[in-house]
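Listed below are the residues making up each chain.
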Amino acid sequence: MAIAVGATIPDVRLKALTSRGIQEISTAELCRGKRVVLFGVPGAFTKTCSGHHLPGFLELAADLEAKGVDLLACAAVNDVHVLAAWSEAHAVGDQILLLADGNGDLARAMGLERDFRPSGMGIRSERYAAIIDDGVIRTLALDPPGEVNGSGAAAVLHTLEGLPR
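All of these numbers come straight from a predicted model, not from anything done at the bench.

**Q** Please provide a residue-by-residue account of the layout of surface pockets, values included.
**A** Unoccupied space between atoms shows up once a probe the size of one water molecule is rolled over them. Computed from the structure, the largest pocket encloses a volume of approximately 410 Å³. Residue lining of the largest pocket: 20 residues in total, with Gly93, Asp94, Gln95, Ile96 and Leu97 positioned closest to the centre. Among the elements that make up the lining of the largest pocket, the one with the highest residue count is helix α3 (residues 80–90) (4 residues). Grouping the amino acids of the lining of the largest pocket by side-chain chemistry returns 13 nonpolar, 4 polar and 3 charged.

**Q** An account of the packing of helix α2 (residues 47–66) against helix α5 (residues 153–161) is needed here, citing residue identities and associated values.
**A** At a minimum axis separation of 9 Å, α2 and α5 run at an interaxial angle of 20°. Judged by the inter-axis angle, α2 sits roughly parallel to α5. Across the interface between the two elements, Gly56, Phe57, Leu60, Asp63 and Leu64 of α2 pack against Ala153, Ala154, Val156, Leu157 and Leu160 of α5.

**Q** I'd like to hear about α2, residue by residue, with values.
**A** Across its 20 residues, α2 extends 29 Å between first and last C-alpha, which sits within 8% of the 28 Å expected from 1.5 Å per residue. In the structure, α2 departs most strongly from a straight axis at Leu60, where the bend amounts to approximately 60°. Restricting attention to buried positions, one finds in α2 the residues Thr48, Cys49, Ser50, His53, Leu54, Gly56, Phe57, Leu58, Leu60, Ala61 and Leu64. The inward-facing, buried residues of α2 abut β3 (35–41), β4 (71–76), α3, β5 (97–100), β8 (127–133) and α5. Phi turns positive, to about 100°, at Gly68, one or two residues after α2.

**Q** Account for the nonpolar core, with residues named and values stated.
**A** The nonpolar side chains of a soluble globular protein tend to be buried, and buried together. Of all hydrophobic cores here, the largest spans 29 residues; its most connected members are Phe57, Leu64, Trp86 and Ile96. Of all elements in the fold, only β3, α2, β4, α3, β5, β8 and α5 reach the threshold of two or more residues within this core. Looking at this core element by element, the count peaks at 7 residues for α2. In this view, Trp86 contacts Val41, Ala44, Phe45, Cys49, Ser50, Leu54, Cys74 and Leu98; residues no more than four positions away in its chain are not counted. By size, the runner-up hydrophobic cluster in this structure holds 22 residues, among which are Ile9, Leu71, Ala73 and Ile137.

**Q** How would you sum up the packing of aromatic side chains? Please name residues and give values.
**A** Under the counting rule described, the total for this entry stands at 1 aromatic pair. On the numbers, 3.9 Å between centres and 10° between planes, the contact of Phe39 with Phe57 is stacked. Of this pair, Phe39 sits in strand β3 while Phe57 sits in helix α2, placing them 18 residues apart in sequence. The residues Phe39 and Phe57 share a single accessibility class, namely buried. Here the basic side chain of Arg114 rests over the ring of Phe116, its NZ or CZ set 5.9 Å away from the ring centre.

Criteria and cut-off values
Residue numbers restart at each chain and count upward from 1, following the sequence in its written direction. It should be noted that, the model being predicted, local features are given only for residues of pLDDT at least 70 and side-chain atom pairs only at 80 or more, the latter also being counted only at that level, while totals for whole chains, interfaces and linings use all residues. To obtain the side-chain values, all non-hydrogen atoms of the structure were included, while hydrogens and water were left out. Cavities and pockets were defined on a 1 Å grid built over protein atoms only: a cavity is a set of grid points that admits a 1.4 Å probe from which the probe cannot escape, a pocket is an open set flanked by protein on both sides within 12 Å along at least five of seven lines, and lining residues are those with an atom within 4 Å of any such point. Grid points are joined across faces, edges and corners, and a volume is the space filled by probe spheres set on the points. Only DSSP runs of H or I with at least four residues qualify as helices, and only runs of E with at least two residues qualify as strands; both kinds are numbered from the N terminus onward. Any residue outside Ala, Val, Leu, Ile, Met, Phe, Trp, Tyr, Cys, Pro, Asp, Glu, Lys and Arg is labelled polar, Gly included; the first ten of those are nonpolar and the last four are charged. The axes are straight lines fitted to the C-alpha atoms, using for helices just the contacting stretch, and the angles between their N-to-C directions are given from 0 to 180°. Under this scheme an angle from 65 to 115 degrees is roughly perpendicular, one under 35 degrees roughly parallel, and one over 145 degrees roughly antiparallel; angles in between are oblique. Contacts are assigned to residue pairs that have any heavy atoms within 4.5 Å of one another. Here a helix's expected span is defined as the number of its residues, less one, multiplied by 1.5 Å. Bending is quantified residue by residue as the angle between axes fitted to the seven-residue window ending at that residue and the seven-residue window starting at it. Throughout, exposure labels follow a simple rule: accessible area from a 1.4 Å probe, protein chains only, divided by the maximum for the residue type, with under 20% read as buried, over 50% as exposed, and the rest as partly exposed. Only buried residues count toward a nonpolar core, which is a set of Ala, Val, Leu, Ile, Met, Phe, Trp, Tyr and Cys residues joined through side-chain atoms within 4.5 Å. In summary, the pairing rule links any two rings of Phe, Tyr or Trp, Trp by its six-membered ring, whose centres are within 6.5 Å, and it sorts them by plane angle into stacked for under 30 degrees, edge-to-face for over 60 and tilted for everything else. A positively charged side chain is recorded as over a ring if its NZ (Lys) or CZ (Arg) lies within 6 Å of the ring centre. The angle to the ring normal must also be within 35 degrees.

As structure tokens, this is what we get:
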């Protein structure tokens, strides 16, 4: 069962490649005192994730920031080196913090695991987007495989317009 709106984001340690090298990051610390848009993808370099989900957030990053988002972050069930290559391939720079959930710990803790074994991808994350205020899940949108609708950047931007800060 997916994490409920109003719940606190689970405190999970993830990896990210930063200007200081590979860093371990606590999700609780990452979200403390900030408005965070966290979107999850089944995997870097997959067709929908690379073709639609990540590019949509890159395109609207400035608009999301203008609506009060302090941090854009993307979690993927990949290792930090794959995410570093994905970042480079899409010229992510510092617009989005890519979080390696290599063992699927965050996906599992949020109840957002999905079995992609029939596709040869193992257990991954659902495709989702959450707006998190000071560690509390304010909104959560899920999309089925291959679709980017409610979890896409445009939908998140629209949702932000109706949320008080």
